[in-house]
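# Descriptive analysis of the structure
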Amino acid sequence: MSNHDYIVVYFDDEVPMKQALVRLTEKKERIIDVRTPFPVHGVDRILGMKKTRIPIGGFILGLLGAVLIFVFMSWCFVVSYPLIIGGKPYFAAPSFIPNTFEITVLFAGVSMAFAFLIRSKLKPDIRYRPLDEKITDNMFVILVDVNGGNTTAEKIREILSDIKPVEIRESEVKNNG
Amino acid sequence: MDEHFIFTKGYRNTLALIVAASLLAALIVILAGNPSASRIWANILLNNQFFLGISLGAAFFIAVHRISMAGWHTVIQRLPEAMTGFIPVAFILMLIIYFGMGSIYEWANPGIHDPVIEGKRAWLNIPFFFIRMVLYFAGWIILVRIMQKNSDKLMTSMDLKYDRNRKLLAGLFLVFYGITVSASSWDWIMSIDAEWFSTIFGWYVFISMFVSALSFIILLAWLLKSRGYLTLLREDHVHDLAILLFSFSIFWAYLWFSQYLLIWYGHLPEETAYFIPRLHQYKVIFGLNVGVNFLVPFFGLVRSQSKKNLDWVAIIAFITLIGHWVDYWLMIMPGAAGESSRIGILEVSTTLLYSGIFVFIVFRYLSQGSLIVKKDPFLEESLDYES
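Described in the following lines is the structure provided in the data block. (Residues numbered from 1 in each chain as written. Chains lettered and ligands numbered in written order. Predicted model: local features only at pLDDT ≥ 70, side-chain atom pairs only at ≥ 80, totals over all residues. Heavy atoms only, no water.)

### Some details on the overall build of chain A
Looking only at helices and strands, chain A has five helices and four strands in total. Reading chain A from its N terminus to its C terminus gives the helix and strand order β-α-β-α-α-α-β-α-β. Considering only C-alpha atoms, chain A reaches an extent of 80 × 30 × 25 Å along its principal axes. Relative to its full complement of 177 residues, chain A shows a buried share of 30%. Within chain A, contacts between residues separated by at least 24 positions form 79% of all contacts whose residues are at least 6 apart in sequence. Total accessible area on chain A stands at roughly 11900 Å², and carbon and sulfur atoms take up 61% of it. (Helix = DSSP H or I, 4+ residues; strand = E, 2+ residues; numbered from the N terminus. Buried < 20%, exposed > 50% of the residue type's maximum accessible area, 1.4 Å probe, protein only. Contact = heavy atoms within 4.5 Å. Areas by Shrake-Rupley, 256 points an atom, 1.4 Å probe, with all protein chains shown as cover.)

Here's what the structure looks like:
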């Protein structure tokens with residue numbers, strides 16, 4: 001993203017913030033981001049965000065891991081280096097199950113973690129860039145797009161007049177990246 | 001907000017019809033089909049255990065949510081409470097086993113002189129067996145009753161002292177339940193194969209109880225919802241019930257496999273004696289047990305969207321409920337009834353008879369008060385709950 005002008009709306013509680021979100025989405029204002037000190041339920045529903053597809057990736061990769069390790073262990077113990085262990089047949093399927101389970105969990109977990117990092121474009125040298133200087137850890141913040149100058153702080157203040165946000169201000173965010 | 005379940009004549013007649021028809025069918029099979037005595041007694045034990053397990057699982061459900069101060073379940077709290085009403089009835093039905101001890105339990109026969117059983121005589125003798133049974137039931141009935149009384153007092157007085165007591169009592173119940181549920185499963189099920197033992201068995205039975213209780217709660221919620229009750233039950237609550245069913249089905253499979261793997265690997269004759277007849281003579285039921293109780297809830301509920309659809313979750317719950325009946329069947333029948341064990345009209349009719357009585361008790365309890373606990377401190381939380 002290039003340099004962007006935002007209108008930053010501050011709240012000190014989640015309830016008015018959610019009301020404001022509902023109001024702003026009704027008025028078809030474009031909301032860039034919502035920053036909260038802790039996860040707030042229902043925000044994703046109000047914003048109409050698409051459901052994450054990460055679990056599907058986890059499921060498929062988990063299945064892949066299960067099949068891979070089971071085939072690999074079968075190959076090891078039956079074809080490559082057959083050994084009789086504890087009087088069991090070479091293809092001792094029940095004894096492969098614990099490892100299959102572990103590798104399934106490993107594949108699913110690690111693949112979901114990496115899928116999340118890749119999708120959110122997170123890599124080791126990423127620095128945190130505050131979108132506004134006043135966004136701290138105790139405020140609930142909505143960032144509204146200026147929409148090419150059509151949306152001003154005045155307009156937002158009018159829309160949210162009865163909800164009474166703590167502060168509304170326009171802010172130019174310098175993009176260092 | 002105020003919902004009252006009406007136990008209509010229609011429900012009563014249907015239940016009475018089920019009970020009468022299944023009783024008749026069972027009697028006809030017993031008189032005409034001439035099944036072995038051990039099969040009849042094992043049937044009674046099996047259904048006692050199955051329906052008692054649903055009741056105890058429901059009591060566990062309440063206790064574990066109270067001690068963790070969970071609030072989401074308050075909307076459906078009356079359902080597990082109603083299900084605990086069967087415990088006193090199960091007590092009477094369990095005492096009847098006294099007359100069939102010799103048919104089910106090898107160790108209860110006076111003529112047995114097996115060195116292994118002789119070594120276990122201090123635990124496995126008929127007087128102590130029934131002393132323990134009375135102790136378990138006394139603890140369960142009294143603790144569940146006190147929990148219920150205390151909870152009712154909280155509703156009427158709104159004194160937060162009772163809320164503290166509620167947590168304390170739930171903790172007491174959980175400790176007592178944790179010990180007795182293991183011990184009772186050794187007594188009633190594991191001692192059928194008296195020479196066999198498995199240290200994980202108590203937990204295995206406990207999980208079967210909890211999963212069948214969860215399935216029953218879901219089915220009851222579905223029934224009430226489809227009849228227009230439980231208007232406050234939303235898909236968020238269904239989602240959480242389904243998560244519990246899903247995860248505890250996986251946990252059941254974990255315990256099932258832990259028990260199987262160690263016995264299969266160790267290959268010791270005194271341990272494999274349990275699995276060999278079950279695996280070789282009842283291959284289909286053995287496979288069905290694992291498939292139905294693990295694969296069906298796993299693949300059926302793995303998507304979060306499918307966990308939110310009450311109709312779909314109820315179908316899965318119905319399958320797992322039957323699956324856990326089959327699980328108990330595999331634990332009890334091959335050991336107790338030997339060659340004569342099968343799933344026939346006798347088994348089906350006895351189960352229907354028990355379920356008729358069970359559902360009657362649940363419905364009668366539900367019809368006595370509001371379906372929603374109006375004054376529970378956690379009700380707000382449950383109404384606002386988002387999964």
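Anyway, onward from the coordinates.
### As for the layout of surface pockets
Estimates place the volume of the second largest pocket at around 1600 Å³. In terms of lining, the second largest pocket is formed by 45 residues, of which the most central are F59(A), T104(A), I250(B), F294(B) and F298(B). Going through the elements one at a time, α3 (54–80) and α4 (93–119) of chain A together with α10 (235–266) and α12 (283–301) of chain B are the ones with two or more residues in the lining of the second largest pocket. (1 Å grid on protein atoms, 1.4 Å probe; cavity = no way out; pocket = protein on both sides within 12 Å on 5 of 7 lines; lining within 4 Å. Points joined across faces, edges and corners; volume = space filled by probe spheres on them.)

### Side note on the pattern of salt bridges
Oppositely charged side chains can form a pair if their charged atoms are brought close together. All names here are of chain A. Overall, the coordinates contain 16 salt bridges over all chains when judged by the stated rule. In this structure, the salt-bridge partner of D162 is R23, at a minimum N-O distance of 3.2 Å. With D162 in the loop between α5 (153–159) and β4 (167–173) and R23 in helix α1 (residues 14–26), this pair connects stretches of sequence that are 139 residues apart. A relative accessible area of 52% means that D162 is categorised as exposed. (Salt bridge = Lys/Arg side-chain N within 4 Å of Asp/Glu carboxyl O.)

### Overview of empty space enclosed by the protein
Residues and elements named next belong to chain B. In total, this model carries three cavities of 30 Å³ or more according to the counting rule given. For the largest cavity, the calculated volume is near 80 Å³. Lining the largest cavity are Y204, W256, Q259, Y274, F275, R278, F286, N289, D327, L330 and M331. Secondary-structure elements contributing two or more residues to the lining of the largest cavity are α10, α11 (269–281), α12 and α13 (310–337). Along the lines of polarity and charge, the residues of the lining of the largest cavity split into seven nonpolar, two polar and two charged. Considered as a void within the structure, the second largest cavity measures approximately 50 Å³ in volume. Together, A59, I62, R66, T84, V144, M147 and Q148 line the second largest cavity. Secondary-structure elements contributing two or more residues to the lining of the second largest cavity are α2 (37–67) and α7 (126–157). (Nonpolar A, V, L, I, M, F, W, Y, C, P; charged D, E, K, R; others polar.)

### A few points about the interface of chain A and chain B
Counting from both sides, the interface comprises twelve residues of chain A and, opposite them, 15 residues of chain B. Both sides together, the interface formed by chain A and chain B hides about 1200 Å², and carbon and sulfur atoms give 66% of it. Among the residues of chain A in contact with chain B, R45(A), K88(A) and P94(A) are the three that bury the most area, contributing 41% of the side total. Our count for the contact surface shared by chain A and chain B stands at one salt bridge. Here chain A and chain B share three residue pairs in polar contact (both at pLDDT 80 or more) between them. Sort the elements by how many residues they give to the side of chain A that touches chain B and α4(A) lands first, with four residues. By residue class, the composition of the side of chain A that touches chain B is six nonpolar, three polar and three charged. (Buried area = accessible area lost by both parts, 1.4 Å probe. Polar contact = N/O pair within 3.5 Å; in protein donor to acceptor, adjacent residues only side chain to side chain.)

### Details of the packing of aromatic side chains
Per the stated rule, a full pass over the model turns up 60 aromatic pairs over all chains. Considering the side-chain rings of F70(A) and F91(A), the 6.1 Å spacing of their centres and the 85° angle between planes classify their relative orientation as edge-to-face. Pair noted here: F70(A) is in helix α3 and F91(A) is in the loop between α3 and α4, with a separation of 21 residues, a long-range link. On the numbers, 5.3 Å between centres and 80° between planes, the contact of W264(B) with Y265(B) is edge-to-face. (Phe/Tyr/Trp six-rings, centres within 6.5 Å; stacked < 30°, edge-to-face > 60°.)

### As for the pairing of strand β3 (residues 140–145) of chain A
Among the six residues that make up β3(A), six are buried, leaving the element largely enclosed by the rest of the structure. The side-chain alternation of β3(A) yields two buried faces, one formed by F140(A), I142(A) and V144(A) and the other by V141(A), L143(A) and D145(A).

### Looking at the side chain of D187(B)
All names here are of chain B. Relative to the helices and strands, D187 is located in helix α8 (residues 160–188). The buried category is assigned to D187, whose relative accessible area is 0%. Within the structure, the side chain of D187 is placed 3.0 Å from the side chain of Y136, a separation counted as a polar contact. Beyond its immediate sequence surroundings of up to four residues, D187 is in contact with Y105, W123, F129, R132 and Y136.

### A look at the environment of A317(B)
Residues and elements named next belong to chain B. Of note, A317 is situated in helix α13. Note: C-alpha distance between A317 and P297 (20 residues apart in sequence) is 8.0 Å. Residue contacts for A317: discarding those within four places in its chain leaves S215, I218, L219 and L245.

### Re a nonpolar patch on the surface
Side chains of I56(A), F59(A), I60(A), L61(A), L63(A), L64(A), L68(A), L295(B) and F299(B) sit close together on the surface and give an oily, nonpolar patch of about 790 Å² of accessible area. Those elements that place two or more of their residues in the nonpolar patch are α3 of chain A together with α12 of chain B. In terms of residue count, α3(A) provides more of the nonpolar patch than any other element does, seven residues in total. Checked against the element boundaries, I60(A) lands in helix α3. (Patch = residues over 30% accessible without salt bridge, like charges linked within 9 Å, V, L, I, M, F, W, Y side chains within 5 Å.)

### With respect to the nonpolar core
Ranked by size, the top nonpolar core spans 130 residues in total, and within it Y105(B), W140(B), F173(B), W188(B), F363(B) and L366(B) carry the most contacts. Setting aside anything within four residues of it in sequence, one finds W140(B) in contact with L52(B), L56(B), I87(B), F173(B), F176(B), Y177(B), T180(B), S184(B) and W188(B). Counting 21 residues, the second largest nonpolar core, distinct from the first, contains F11(A), V43(A), I142(A) and V146(A). (Core = buried A, V, L, I, M, F, W, Y, C linked by side-chain atoms within 4.5 Å.)

### With respect to the environment of T231(B)
Residue and element names in this part refer to chain B. Residue placement: T231 occurs in the loop between α9 (201–226) and α10. For T231, a relative accessible area of 54% puts it in the exposed group. A sequence separation of 157 residues divides T231 from T74, and the C-alpha atoms of the two residues are 13 Å apart. Excluding anything up to four places from it in sequence, T231 contacts E3 and K225.

### A short note on the packing of α4(A) against α10(B)
As a packed pair, α4(A) and α10(B) sit with axes 10 Å apart at the nearest point and diverge in direction by 135°. Classified by the interaxial angle, the pair formed by α4(A) and α10(B) is oblique. Crossing geometry of α4(A) relative to α10(B) is assigned as left-handed. Of the residues in α10(B), those in contact with P94(A), S95(A), I97(A) and P98(A) of α4(A) are F257(B), Y260(B), L261(B), W264(B) and Y265(B). For the contact of α4(A) with α10(B), the residue count by class is eight nonpolar, one polar and no charged. (Axes fitted to C-alpha atoms, helices over the stretch in contact; angles between N-to-C directions. Parallel < 35°, antiparallel > 145°, perpendicular 65-115°, else oblique. Left-handed = near helix turned anticlockwise from the far one by under 90°.)

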